[in-house]
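# Secondary and tertiary structure notes
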Amino acid sequence: MNFCVLFRKALSWLARSTAKLAAKWHPHLVLKSDVPTFPFCEDGLATLHNSEFLVNERFQRAYSLGKQTGSWHNHDLRWRIHVLLWCATWAAQCSGAFVECGVYRGGFARAIIDYINFESLNKTYYLFDTFAGFDHSQFNESERRTIASNYHYEDTFNAVRQEFSSMTSVRLVRGSIPESLVDVGSVAFLSIDMNCVVPEIAAAKFYWPHMSPGAVMVLDDYGFTIHHQQKLAFDQLAKEWNVEILSLPTGQGLIFKPGMSA
Ligand SMILES: C[S@@+](CC[C@H](N)C(=O)[O-])C[C@H]1O[C@@H](n2cnc3c(N)ncnc32)[C@H](O)[C@@H]1O
């Protein structure tokens, strides 16, 4: 065996040993040659972790009702909806109304109402939207360049009215937030999904004092790169409220209203 062969063998042994040690000490590191096939990979999230909620019939039914509204087009966002349904289930036990700011075709609401049998809860579900897209006067310069050209919303008022027509607990409120916001009494659940800083911060500030102890606020856009300005604004607000936002790998952000007794 000449020196060159010996040297190459030694190098390859060293590389293999280093890789093994790295995997042992830092199991979260995925070595290039070991890249696995992810059983869940959609909507910007890939994970090897347990996702058995996907085969839960109650979840599947609620998800498909939400999807049928057309709110998510051809996109699938099952883990995001899983989180949303978990939050709604939690909020069903808190006192107050459900409020959604940013409804589009009502996908989130339709899934939630089915999953938690909302009609049996003796609560009201408020759906706030222009039902005709953005109020362009609310964009800052950066949003005008990024958000405005990335999203297009048609008039969905009649479709949403039709979708929820049989549900006596659902109220549609049409108009631009913040001008359209109204006092709904105490709030148990607040979903904010308007892809724009001004109305989102205004809605959060308006309803925060009315949120019951333990009530949950779901920020749909919080961790999405394109919505970074929303994240910065909510981080600032959370500091003022002395709470922390839970940043999820789905892109959502969660805030729970403090003060719930054990
Ligand atoms: C991403 S969509 C909401 C999707 C919805 N959460 C769902 O269930 O699929 C964003 C919505 O925010 C609404 N929106 C944007 N700016 C608004 C404002 N200032 N006031 C009210 N609604 C607004 C748009 O009309 C659009 O329907």
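Residues numbered from 1 in each chain as written. Predicted model: local features only at pLDDT ≥ 70, side-chain atom pairs only at ≥ 80, totals over all residues.

## Some thoughts on the environment of Ala188
Here Ala188 lies in strand 6 (residues 187-192). Exposure remark for Ala188: the 23 C-beta atoms within 10 Å place this residue in the buried category. Distance in space between the C-alpha atoms of Ala188 and Cys94 is 5.4 Å, their sequence separation being 94 residues. (Helix = DSSP H or I, 4+ residues; strand = E, 2+ residues; numbered from the N terminus. Buried ≥ 20, exposed ≤ 12 C-beta atoms within 10 Å, placed from the backbone.)

## Describing helix 8 (residues 197-207)
Owing to its 3.6 residues per turn, the α-helix brings residues three or four apart onto one side. Among the residues of helix 8, Val197, Pro199, Glu200, Ala203, Ala204 and Tyr207 are the ones counted as buried. Turning to helix 8, the residues buried within the fold contact strand 3 (97-101), helix 5 (141-145), strand 6, strand 7 (211-219) and helix 9 (228-241). (Contact = placed C-beta atoms within 7 Å.)

## Points about the site of the ligand
For the ligand, the set of nearby residues contains 22 residues, the closest of which are Ser71, Gly102, Tyr104, Phe108 and Pro199. Considering only residue class, the shell around the ligand consists of 10 nonpolar, 9 polar and 3 charged. (Near = placed C-beta within 6 Å. Nonpolar A, V, L, I, M, F, W, Y, C, P; charged D, E, K, R; others polar.)

## With respect to the sheet that holds strand 4 (residues 125-129)
Read across the sheet, 7 strands follow the order 5-4-3-6-7-9-8 without closing on themselves; strand pairing throughout is mixed. Among the strands making up the open sheet, the edge pair consists of strand 5 (170-174) and strand 8 (246-247). With 4 bridges joining them, strand 3 and strand 4 adopt parallel strand pairing. By the bridge assignment for strand 4, Cys101 is matched with Phe128. (Pairing = 2+ DSSP bridges.)

## With respect to the packing of helix 2 (residues 57-68) against helix 3 (residues 78-91)
In the contact formed by helix 2 and helix 3, the axes pass within 11 Å of each other and the chain directions differ by 110°. Put simply, helix 2 runs roughly perpendicular to helix 3. Along the contact surface, helix 2 presents Phe59, Ala62, Tyr63 and Gly66, while helix 3 presents Arg78, Ile81, His82 and Leu85. Of the residues in the contact of helix 2 with helix 3, the class split is 5 nonpolar, 2 polar and 1 charged. (Axes fitted to C-alpha atoms, helices over the stretch in contact; angles between N-to-C directions. Parallel < 35°, antiparallel > 145°, perpendicular 65-115°, else oblique.)

## Focus: the nonpolar core
If you look at soluble globular proteins, the nonpolar side chains tend to sit buried side by side. The biggest cluster of nonpolar side chains holds 57 residues, and the ones touching the most others in it are Ala88, Ala91, Val99, Ile112, Val187 and Phe189. Apart from residues lying up to four places away in sequence, Ala88 is in contact with Ile112, Tyr115, Ile116 and Phe189. (Core = buried A, V, L, I, M, F, W, Y, C linked by C-beta atoms within 7 Å.)

Functional significance is not addressed by these values, which are geometric in nature.
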